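Next come the chains, spelled out residue by residue.
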Amino acid sequence: MADPKKCTVKLNETLEVSITSKGNGYVGIRHFSYKGQCKYSAYPYSNTQEYREILKKYQYDTSQDAWIGQKSFNCYTGENVEKVVNSIVEEVAKIKKEIEMI
């Protein structure tokens, strides 16, 4: 059964974006092939460092071992939920463009 507090979508052929309301809510990016037993520090997933450098420019926390990058909803600005959602969508589109250049 799908988790109603989480939505995961394909960013490209390698990566996925998860948006979840768990905790304080966050956006997370990682490889489709990510396996919980093989953390980023223990397995050589493709282009991890290059992806992390891009995400750092957008203030993603790249120190998480379960994600290439993670960003709390609190980091997004907007007067209401719709504006926060729009800023997340716009940011993910920008990140996708930069990642496509790798």
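So, here is what we can say about the structure in this document. Just so you know, these numbers come straight off a predicted model, no measurement behind them.

Considerations on the overall build of the protein chain
No. 1: Along the backbone of the protein chain there are two helices and four strands.
No. 2: Seen in sequence order, the protein chain has helices and strands lined up from the N terminus as β-β-β-α-β-α.
No. 3: Against the compact-globule benchmark of 13 Å for 102 residues, the protein chain has a radius of gyration of 13 Å, which places it among compact chains.
No. 4: Referenced to the eigenvectors of the C-alpha coordinate spread, the extents of the protein chain come out at roughly 40 × 35 × 25 Å.
No. 5: Within the protein chain, buried positions represent 38% of all 102 residues.
No. 6: Counting contacts in the protein chain only where the partners sit at least 6 residues apart, residues at least 24 apart contribute 44% of the total.
No. 7: Within the structure as shown, the protein chain displays about 6,500 Å² of accessible surface, and the carbon and sulfur contribution to it stands at 52%.
No. 8: The distance from the centre of the 15 positive side-chain charges to the centre of the 13 negative ones in the protein chain is 4 Å.

Focus on the environment of glutamate 79
No. 1: Inspection of the secondary structure puts glutamate 79 in the loop between strand S4 (69–72) and helix H2 (81–100).
No. 2: Of note is the side chain of glutamate 79, whose polar atom sits 3.4 Å from the side chain of lysine 83.

Side note on the side chain of glutamate 98
No. 1: Among the secondary structure elements, glutamate 98 is positioned in helix H2.
No. 2: What glutamate 98 contacts, discounting residues up to four positions off in sequence, is Ile54, Lys57 and Tyr58.

Observations concerning unusual backbone geometry
No. 1: One non-glycine residue with positive phi stands out, namely asparagine 47, at about 55 degrees.
No. 2: The topology assignment puts asparagine 47 in the loop between strand S3 (26–31) and helix H1 (48–57).
No. 3: Its relative accessible area of 31% is what places asparagine 47 among the partly exposed residues.
No. 4: The phi dihedral of glutamine 59 falls on the positive side, at around 60 degrees, and the residue is not glycine.

Topic: the sheet that holds S4
No. 1: Spatial ordering of the open sheet is given by S1-S2-S3-S4, a layout of four strands whose pairing is antiparallel. Pairing within the sheet leaves two strands with one partner each, and these edge strands are strand S1 (6–10) and S4. Neighbouring strand axes in the sheet, compared pairwise and without regard to direction, differ in orientation by 15 degrees on average.
No. 2: Its contacts with the sheet put H2 on strand S2 (15–20), S3 and S4, and the angle it makes with S2 is roughly 165 degrees.

Section: the nonpolar core
No. 1: Core analysis: the largest hydrophobic core is formed by 22 residues, its most contacted members being Leu11, Leu15, Ile29, Tyr60, Ile95 and Ile99.
No. 2: When neighbours within four sequence positions are excluded, isoleucine 95 is seen to be in contact with Ile29, Ile54, Leu55, Tyr58 and Tyr60.

Comments concerning the pairing of S1
No. 1: Inspection of the sheet shows S1 paired to S2 by five bridges, in the antiparallel sense. Looking at S2, one finds that valine 9 is bridged to valine 17.
No. 2: Between the antiparallel neighbours S1 and S2 lie four residues.

Cut-offs used in this document
Residues numbered from 1 in each chain as written. Predicted model: local features only at pLDDT ≥ 70, side-chain atom pairs only at ≥ 80, totals over all residues. Heavy atoms only, no water. Helix = DSSP H or I, 4+ residues; strand = E, 2+ residues; numbered from the N terminus. Rg over C-alpha atoms; globule rule 2.2 N^0.38 Å. Buried < 20%, exposed > 50% of the residue type's maximum accessible area, 1.4 Å probe, protein only. Contact = heavy atoms within 4.5 Å. Areas by Shrake-Rupley, 256 points an atom, 1.4 Å probe, with all protein chains shown as cover. Lys, Arg positive; Asp, Glu negative; His and termini not counted. Charge placed at Lys NZ, Arg CZ, Asp CG, Glu CD. Polar contact = N/O pair within 3.5 Å; in protein donor to acceptor, adjacent residues only side chain to side chain. Pairing = 2+ DSSP bridges. Axes fitted to C-alpha atoms, helices over the stretch in contact; angles between N-to-C directions. Core = buried A, V, L, I, M, F, W, Y, C linked by side-chain atoms within 4.5 Å.

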